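Close look at the chain arrangement
What follows is the residue order along each chain.
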Amino acid sequence: MEVKRKIFLVQGYHHCHIGSALQEYLKGLGEYSVESIDMYDIEPERIGFGEADIVILTMGVEPEKGWRHPEIFYEIHEKLAYHTAFIAKACHVKQFIYLSTTDVY
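Residues numbered from 1 in each chain as written. Predicted model: local features only at pLDDT ≥ 70, side-chain atom pairs only at ≥ 80, totals over all residues. Heavy atoms only, no water.

With that settled, the discussion passes to unusual backbone geometry. Negative phi is the rule for most residues except glycine; trans is the rule for most peptide bonds. Although it is not a glycine, H92 adopts a positive phi angle of roughly 65°. Given a relative accessible area of 66%, H92 falls into the exposed group. (Buried < 20%, exposed > 50% of the residue type's maximum accessible area, 1.4 Å probe, protein only.)

Given below as structure tokens:
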């Protein structure tokens, strides 16, 4: 029996449609086990990344809204993304991918 790599797809805010499309694509490849997590109302500390090989963060605020509310933009794109990556690293996740509104990291 082939062991599939475990992906945690972390979604929330305005990128849910991207995360949903990515989830379907990855599942269709048959090589990955994909679990979707909605972080809209949950803190990263409450997520058990320990089983994950890969964490993909697909959440963000549209740049236009960010220009009007820079504190929200900073909270999501920098503070929450960094915090989530820090927890994933502490859980020994092998790969962390961040899809922001402007780039892939």
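Now for the packing of aromatic side chains. All told, the structure shown has two aromatic pairs when counted by the stated rule. On the basis of an interplanar angle of 65° and a centroid distance of 6.0 Å, the ring pair of F8 and F49 is categorised as edge-to-face. One end of the pair, F8, is in strand β1 (residues 5–13); the other, F49, is in the loop between β2 (32–38) and β3 (54–60), with 41 residues separating them in the sequence. Overall, F49 belongs to the buried group, its relative accessible area being 0%. A ring pair is formed by Y82 and F86, whose centres lie 6.4 Å apart and whose planes are at 25°; its orientation type is stacked. Within this pair, Y82 and its partner F86 are both found in helix α3 (residues 70–90), separated by four residues, close to a single helical turn. (Phe/Tyr/Trp six-rings, centres within 6.5 Å; stacked < 30°, edge-to-face > 60°. Helix = DSSP H or I, 4+ residues; strand = E, 2+ residues; numbered from the N terminus.)

This part covers the nonpolar core. Among the nonpolar cores identified, the biggest contains 17 residues, and F8, V10, M39, F49 and V55 are the most heavily contacted of them. Among the elements of the structure, β1, β3 and α3 are those that each provide at least two residues to this core. Here this core gets five residues from one element, more than from any other, and that element is α3. Within the second largest apolar cluster, eight residues are counted, among which are L26, Y32, I54 and I56. (Core = buried A, V, L, I, M, F, W, Y, C linked by side-chain atoms within 4.5 Å.)

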